[in-house]
Amino acid sequence: MIRAALALVLFSSGPGLACGLGGRALAPAESDAPQAYVRFETIPLAQPFALEVEVCGGRDVDDLRVDAIMPAHQHGMNYVPTVMATDDDVFKVQGMLFHMPGLWQLQVDVQLQERVVHYTYPIELR
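For clarity, every value in this text was computed on a predicted model and none was experimentally measured. (Residues numbered from 1 in each chain as written. Predicted model: local features only at pLDDT ≥ 70, side-chain atom pairs only at ≥ 80, totals over all residues. Heavy atoms only, no water.)

## Digging into a negative patch on the surface
A contiguous patch of negative charge on the surface is contributed by Asp60, Asp62, Asp87 and Asp88. Summarising the element assignment, Asp88 is placed in the loop between β7 (82-85) and β8 (90-96). (Patch = residues over 30% accessible without salt bridge, like charges linked within 9 Å, V, L, I, M, F, W, Y side chains within 5 Å. Areas by Shrake-Rupley, 256 points an atom, 1.4 Å probe, with all protein chains shown as cover. Salt bridge = Lys/Arg side-chain N within 4 Å of Asp/Glu carboxyl O. Lys, Arg positive; Asp, Glu negative; His and termini not counted. Charge placed at Lys NZ, Arg CZ, Asp CG, Glu CD. Helix = DSSP H or I, 4+ residues; strand = E, 2+ residues; numbered from the N terminus.)

## Thoughts on the state of the cysteines
Inspection of the entire model under this criterion finds one disulfide. Here Cys19 engages in a disulfide with Cys56; their sulfurs sit 1.7 Å apart. The sign of the S-S torsion, about -80°, decides the handedness of the disulfide formed by Cys19 and Cys56: left-handed. One end of the pair, Cys19, is in the loop between α2 (15-18) and β1 (24-25); the other, Cys56, is in the loop between β4 (49-55) and β5 (63-70), with 37 residues separating them in the sequence. Accessibility classification places Cys19 together with Cys56 in one group, the buried group. (Disulfide = S-S within 2.5 Å. Buried < 20%, exposed > 50% of the residue type's maximum accessible area, 1.4 Å probe, protein only.)

## Section: the pattern of salt bridges
Summed over the entire model, instances satisfying the criterion amount to five salt bridges. Residue Arg39 pairs with Glu54 through a salt bridge whose shortest N-O separation is 2.7 Å. Of this pair, Arg39 sits in strand β3 (residues 36-39) while Glu54 sits in strand β4, and the two are 15 residues apart along the sequence. Exposure remark for Glu54: the relative accessible area of 11% places this residue in the buried category. Each of the salt bridges in this network shares a partner with another, and the network as a whole consists of Glu30, Asp32 and Arg115.

## A few points about the environment of Ala85
The residue Ala85 is located in strand β7 in this model. For Ala85, a relative accessible area of 58% puts it in the exposed group. Taking the C-alpha atoms as reference points, Ala85 and Leu64, separated by 21 residues in sequence, lie 8.8 Å from one another.

The structure is reproduced here in structure tokens:
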């Protein structure tokens, strides 16, 4: 009985189980969207930084775009970041730069075959 339970745990633990470890959950615009997470260290003011985005569920991501806006000021970043796939579900985003302090809203658009799923995450920079 114990061996059967252990085997069930070992065989059911796959990439989806570990998804999002060490990351912050992105808020999807749709209720049926796959879970997605963002990972970053500290975010410096007016200096480039990198982050990672992970999309869970083993779905093929055709494209992933990242941007950020300041809702209170109605403007975005002055730079366009580059996105590189590092794994099937993990993307490295370089060239992010928040040029002023305040509330930023990270925006992630994930192209999943026939649809685009929009995600957001608030970042307060002081």
